[in-house]
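Remarks on the overall topology
If you want the building blocks of each chain, they are given just below.
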Amino acid sequence: MYQFRLCLLLVFSTIVSLQAQQPKTYASSEIYEAVQKLNVLGSVLYIAAHPDDENTRLISYMSNEVKARTAYLSLTRGDGGQNLIGPEIRELLGVIRTQELLAARRVDGGEQRFTRANDFGYSKHPDETLEIWNKDEVLSDVVWAIREFKPDIIINRFDHRTAGRTHGHHTSSAMLSMEAFDLANDATKYPSQLTLTETWQPTRLFFNTSWWFYGSQEKFEAADKSNMLNFDIGVYYPTKGMSNNELASLASSQHLCQGFGRLSQRGSQQEYIEYLKGEPLENNDDVFSGIDTSWNRIEGGAAIGNIMTAIENNFNFVNPSMHLPQLLEAYKLLQNVKNEHWKTIKTKELKTIIEACAGLYLEVSAQNPHAAPNTDVGLKMEVLNRSKANITLDSYKLSTLQNGISKQMALPANQRLNFDENINIPNNSNYTTPYWLNTQSTLGMYSVTDQNLIGLPETPRAVFVDFNLMIEGTPITITKPVIHRYSKPDKGELYRPFEIIPVVSASLSNEVYIFDNDQQKEIEVIVRAGKNNIDGFVQMAYPDGWTVFPDKQNVSITNKGDIQKVIFTMIPPKNQNEGLITPMVNVDGEFYTDELIEIDYEHIPFQTVLIPSESKVVRLNIKKAGTNIGYIEGAGDVVPESLRQIGYNVTIIPPEDISPENLSNFDAIVVGIRAYNIVEALKFKQKYLLDYVKEGGNLVIQYNTSRGIKVDNLAPYDLKLSRDRVTDENALIRILEPNHPILNFPNKIGIQDFEGWVQERGLYFPNEWADEFTPLLASNDKGESSKEGALLVAKYGKGNYIYTGLSFFREFPAGVSGAFRLFANLLAAGKDDKMPLKN
């Protein structure tokens, strides 16, 4: 079973590495680097909590300078963060951040793994984190990662000794790593894993320390470093034409949704790791001290090492194919090695080197980017030998077919062969969607029961081709996933994954439908065909007390990929109520209830995500004053759409259009989340916004981070942002000024309006403000002091300046009634003649 598992991992690692950019080809310098890396049998596992936590400088150094097999274990996929490049949050943000991690690893040369932990948002203490996460399950996943990856060295990004002083996820990642270091070699711990892998004892565990953990450069310089190793991670790589820290900056810059695009760095730079546990260091200059990382490490490896060392020392950069006879001899010897772990890893690496030296180009492109089960799809194969090596294509086998297709064709030098095949996607094929989203998750955990999937960054591709080749008399099989290659006149040749999608999918136009009175609304359902000639009907599942008509709507779509929109009318109950609605499409007697979401950003591969198609419906008792709202967009949120849902006329104001004339026509101006962090133009436009307030306008500023504010004066009076936040979404809210107009007009706001909030109360609250401000609300997490900066109001001239760190951007998509009612009051500030705001 263990050997089967390793073979399965080899297939997975080939298929999972599919990317949207052009398939990887290797220059001579890259082949040489691959040979160097093949000759190192050592592994490093770097562990932290989130995407973008990883130290790309150290990962790149270990991978490219030390030449060790290096991986980053991110305990979460970063679902709880914010998104600076688009509207996706929660699970969809986790998909983006997963791909950004893979993009970073393609740059720095590392590999990527995960656990099932769900990023539920900021946590102030590991006790809370591990309770919400289910500590035992996450610990088992860390043990699983160690047993599978088999690292000699583990490096923690965070300090396990700092509970309560930093993000609870960060400290938890270090604590779990410390514990897993000892458990991974204990056969009595998580024994079910051992049917698929083996126990493993890492040699050493380190903490990647720096001055930041000491509070200042001066304190770190004075610290005792006798228990530390340090590396110059500014080393220059002539074969890359880049320094290690330049490479690391490029890797880190892949985290674009978190605003990590940055300038590159060059020159000498020291990195430190602190020894924590394991075998004592024999040499304080070598992280692998006392560990044999040569081919002598494994039985039967010496002969392979002799061959590969000779190739490395005498590498032919002009004609790498001259090394094929020796590479093939090493390949044959490697197949007789008993150590299945290194045999699997090095076989994959060696096959890549052989393929590159031979100049082999193997590609399988589907005519369409996706297909549904039980439908046909045409494939175009290209096979090309760009060397003088004697290579024969014996056969190829498609994963959808039981038997291979014999070819027995010689591959003449630089003579392209093309083959066409038509395959049927099996009816039992799994859809292409992130595997961790297939089952309903909890707040802290994703549900994945297949042990083979746990830890994988992506869902393994279901359709691939095995090319069975004879290279200079040696049989070698090279596996290629099916992709879709196409072109656009303005972009040239493009690639995207080939994906399996449902016969039909359905989506609703909005995530939340707010009924601010008892009047009916039209609900649009968008039905998308996954194959040609769809005929069926749509029904709506809806909660008791609501009415939907008609009962069903017929759909008929001729061409795959086309959509049909149908309209249902929904009547809400008289009183406040909420529930979920789901469109159900029936085709050939089977109901389909998933929504197909496509995520398309240039820096990551095209993503297809299937999630249950459902929206929240809310009958809301809400009153409004003022209807015309101007919105200045920030880092991406759905607040404008949410305000339109409750009847406001919302106009998006581009920064360049901010002027006294354009602002004067609005009842209120709302500034989007983190706008003052990312919109450069606001440094020149802030005076117009404050003048708008002074002349009688109503300005509502949503949260910004405490660092990187683009303006000198965020408010008309002194206002200092902090990192204060309340992470418990159920934390008690204390109303400080119950008679204040904002809490009474046009809606009476009470404690009940803070029920049902999601993820958090708010973040980056101000902690210092001028006397002109009035704090309206207070809250705090358990054991902390009261935070009173969540909602601040000040009269300025004739108008009202409002700053709020409350997480409206999270509450609106969740349909939280009280959040809508409170925000309506913010927009109505100063409009009640009976309760005017005062200085």
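Residues numbered from 1 in each chain as written. Predicted model: local features only at pLDDT ≥ 70, side-chain atom pairs only at ≥ 80, totals over all residues. Heavy atoms only, no water.

Turning our eyes to something else, we now look at the sheet that holds strand β21 (residues 504–508). Pairing within the open sheet is antiparallel, and its 4 strands lie in the order β21-β23-β27-β25. The two strands at the open ends of the sheet, each matched to only one other strand, are β21 and β25 (547–549). The mean angle between the axes of side-by-side strands here comes to 30°, regardless of whether they run parallel or antiparallel. Note that β25 and strand β27 (residues 563–571) share 3 bridges and pair antiparallel. Paired with V548 across the two strands is M570, which belongs to β27. (Pairing = 2+ DSSP bridges. Helix = DSSP H or I, 4+ residues; strand = E, 2+ residues; numbered from the N terminus. Axes fitted to C-alpha atoms, helices over the stretch in contact; angles between N-to-C directions.)

Each neighbour pair has its own omega, and for F549 with P550 the value is 0°, a cis peptide bond. For P550, the position within the fold is in the loop between β25 and β26 (552–557). Of the consecutive residues F745 and P746, the connecting peptide bond is found in the cis state with omega at -5°. Within the secondary structure, P746 is located in the loop between β38 (734–735) and β39 (762–769). Phi at N374 is positive, roughly 65°, even though this residue is not glycine.

So, about the nonpolar core. By size, the foremost hydrophobic cluster in this structure holds 56 residues, and its most contacted members are M308, L350, I354, F467, L469 and F498. Apart from the residues within four sequence positions on either side, F498 is in contact with A366, N368, P369, H370, A371, V377, I425, R461, V463, V482, I483 and H484. Core analysis: the next-biggest nonpolar cluster, separate from the first, contains 49 residues, I514, F765, L777 and F820 among them. (Core = buried A, V, L, I, M, F, W, Y, C linked by side-chain atoms within 4.5 Å. Buried < 20%, exposed > 50% of the residue type's maximum accessible area, 1.4 Å probe, protein only. Contact = heavy atoms within 4.5 Å.)

Quick look at the side chain of T608 now. Among the structural elements, T608 can be located in strand β31 (residues 607–612). On the basis of relative accessibility, which here comes to 4%, the residue T608 falls in the buried class. Here the side chain of T608 touches E499 through a polar contact of 2.3 Å, side chain to side chain. If we ignore the near neighbours within four places in the chain, the residues touching T608 are T432, T433, P434, R496, E499, I501, L596 and I597. (Polar contact = N/O pair within 3.5 Å; in protein donor to acceptor, adjacent residues only side chain to side chain.)

Viewed as axis vectors pointing N to C, helix α12 (residues 324–334) and helix α13 (residues 340–357) meet at an angle of 160°, and their least axial separation amounts to 10 Å. As the angle between them shows, α12 and α13 are arranged roughly antiparallel. Both α12 and α13 take part in a crossing whose hand is left-handed. Here L324, L327, L328, A330, Y331 and L334 of α12 lie close against α13, whose contacting residues are K343, K346, T347, L350, K351, I353, I354 and C357. (Parallel < 35°, antiparallel > 145°, perpendicular 65-115°, else oblique. Left-handed = near helix turned anticlockwise from the far one by under 90°.)

Moving on to the pairing of strand β9 (residues 270–278). Within β9, 7 of the 9 residues are buried, leaving the element largely enclosed by the surrounding structure. In this sheet, β9 lies alongside strand β5 (residues 204–207) in antiparallel orientation, the contact comprising 4 bridges. Across the sheet, residue F207 finds its bridge partner in β9, namely E274. Across 5 bridges, the pairing between strand β6 (residues 228–232) and β9 is antiparallel. Opposite L229, over in β9, you have I273 as the bridge partner.

Following the criterion strictly, the structure yields 26 aromatic pairs and no others. Each ring, one from F206 and one from Y275, has its centre 6.1 Å from the other, and the planes form 70°; the classification is edge-to-face. In this pair, F206 is assigned in strand β5 and Y275 in strand β9, connecting sequence segments 69 residues apart. According to the relative accessible area criterion, F206 is buried, its value standing at 0%. Residue classification places Y275 among the buried positions, given a relative accessible area of 17%. An aromatic cluster of three or more residues is present, and its members are F754, W757, F808, F812, F820 and F823. Over the aromatic face of F606 sits the side chain of R496, whose NZ or CZ is 3.7 Å from the ring centroid. (Phe/Tyr/Trp six-rings, centres within 6.5 Å; stacked < 30°, edge-to-face > 60°. Lys NZ or Arg CZ within 6 Å of the ring centre and 35° of its normal.)

Of all residues in the protein chain, 97% have pLDDT values of 70 or greater, and the mean over the chain is 94. Scored below 50 in pLDDT, residues 1–20 shows 48 contacts in the model against residues more than four places distant or in partner chains. (pLDDT = per-residue confidence, 0-100.)

Mapped onto the fold, I89 is located in the loop between β2 (69–74) and α4 (91–108). C-alpha separation for the pair I89 and V142, spaced 53 residues apart in sequence, amounts to 26 Å. When neighbours within four sequence positions are excluded, I89 is seen to be in contact with F809 and P813.

If you trace the 7 strands from one edge of the open sheet to the other, you get β34-β33-β35-β36-β43-β42-β40, paired in mixed fashion. Two strands close off the open sheet at either side, each with one partner strand: β34 (649–652) and β40 (773–775). Neighbour-to-neighbour, the strand axes of the sheet open up by a mean angle of 20°, direction not taken into account. Two strands pair when backbone bridges link them, and strand β42 (residues 791–796) and strand β43 (residues 799–804) are joined in this way by 6 bridges, in the antiparallel orientation. Bridge pairing in β43 places A794 opposite Y801. Across the sheet, helix α17 (residues 682–694) lies against β33 (628–632), β35 (668–671), β36 (698–701), β42 and β43, angled at about 130° from β43, the strand it touches most. Docked against the sheet, helix α19 (residues 817–827) engages β33, β35, β36, β42 and β43, running at close to 140° with respect to β36.

Burial along strand β22 (residues 512–515) is two-sided: the residues V512 and I514 and Y513 and F515 are all buried. Here 4 bridges tie β22 to strand β32 (residues 615–619), and the two strands are oriented parallel to one another. Looking at the pairing, Y513 lines up with V617 of β32.

Attention now goes to helix α5 (residues 126–133). The periodicity of an α-helix, 3.6 residues per turn, causes residues three or four places apart in sequence to face the same way. Of the positions making up α5, those classed as buried are P126, T129, L130 and W133. One side of α5 holds all its buried residues, which, seen down the axis, span an arc of 90°. In α5, the exposed residues that point more than 90 degrees away from the buried face are D127 and E131. Where α5 is buried, its residues contact α6 (135–149) and α7 (168–183). (Arc of directions from axis to C-beta.)

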